[in-house]
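Report on the structure
The chain contents come next:
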Amino acid sequence: VQLQASGGGLVQAGGSLRLSCAASGGTFSPYTMAWFRQAPGKDREFVAVITWAGGRTYYADSVKGRCTISRDNAKNTASLQMNSLKPEDTAVYYCASSDIDGLSTREYQYNYWGQGTEVTVSS
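Notes on the structure in this doc start here. (Residues numbered from 1 in each chain as written. Predicted model: local features only at pLDDT ≥ 70, side-chain atom pairs only at ≥ 80, totals over all residues. Heavy atoms only, no water.)

Quick word on the overall build of the protein chain
We count it as follows: Every helix listed is a DSSP run of H or I at least four residues long, and every strand listed is a run of E at least two residues long, numbered separately from the N terminus. The globule rule is 2.2 Å times the number of residues to the power 0.38, and the radius of gyration it is compared with is taken over C-alpha atoms. Think of it in three bands: residues with accessible area under 20% of the maximum for their type are buried, residues over 50% are exposed, and the middle band is partly exposed, with areas taken using a 1.4 Å probe on protein chains only. It only takes one pair of heavy atoms within 4.5 Å for two residues to be counted as in contact. In these tables, accessible area is a Shrake-Rupley quantity obtained with a 1.4 Å probe, and a residue counts as shielded only by the protein chains included in the view. By the counting scheme adopted, Arg and Lys are positive, Glu and Asp are negative, and His together with the chain ends is not counted. For charged residues, the charge sits on one atom: NZ in Lys, CZ in Arg, CG in Asp, CD in Glu.
Helix and strand counts for the protein chain stand at 0 helices and 11 strands. Going residue by residue from the N terminus, the α and β elements of the protein chain occur as β-β-β-β-β-β-β-β-β-β-β. Radius of gyration (C-alpha) of the protein chain: 13 Å, near the 14 Å computed for a compact globule of 123 residues. With respect to the principal axes defined by its C-alpha atoms, the protein chain has extents near 40 × 25 × 25 Å. Expressed as a percentage of the 123 residues in the protein chain, the buried residues total 43%. Taking as baseline every contact in the protein chain between residues at least 6 positions apart, the subset at least 24 positions apart corresponds to 60%. Total accessible area on the protein chain is roughly 6,100 Å²; 45% of this is exposed by carbon and sulfur atoms. Charged side chains in the protein chain number 11 positive and 10 negative. The centres of these two groups are separated by 4 Å.

As for the pattern of salt bridges
Defined as follows: Salt bridge criterion: a side-chain nitrogen from Lys or Arg within 4 Å of a carboxyl oxygen from Asp or Glu.
In the structure shown here, the tally under the stated rule is 5 salt bridges. Of the charged contacts, one joins E45 and R37 as a salt bridge, the two residues approaching to 2.7 Å between their closest N and O atoms. A salt bridge links D61 to K64; the nearest nitrogen and oxygen atoms lie 3.1 Å apart. D61 sits in the exposed class, given a relative accessible area of 63%. For K64, a relative accessible area of 46% translates into the label partly exposed.

A few points about the state of the cysteines
Condition: Two cysteine sulfurs form what is called a disulfide whenever their separation falls within 2.5 Å.
Under the criterion given, the structure shown has 1 disulfide. Across a sulfur-sulfur distance of 2.2 Å, C21 and C95 are joined as a disulfide pair. Between C21 and C95, the disulfide has an S-S torsion of 65° and is therefore right-handed. Highlighted residues: C21 in strand 3 (residues 17-24) and C95 in strand 9 (residues 91-98), separated in sequence by 74 residues. With a relative accessible area of 0%, C21 lands in the buried category. Here C67 stays unpaired: no disulfide links it, and the sulfur of C95, its closest cysteine neighbor, is 15 Å away.

Here is the structure:
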């Protein structure tokens, strides 16, 4: 499975962005999908996860209430809608997939990674 993340860009604080992750080269489901991010000078951190059936989601506290993760298995895509963006959301965002069907939040639980898309939030 190959993942391609897109949708990043420059946005003012309070604005919104929708990140997309397109999967190719394999079966998209039943993989769990997640988004991670890495801010400059910091370790990569978990953002959000959605199980393959789309029935369960989990968010990092830092984005809870501002972000929504979703997926369309028919189109082999996953998305992260981010609202009320803050400067501290500035990071490179990575999508990842795992063949563990669960709300995995650790990097080592993910088999495949996209190349990342950069999000910059100006104050």
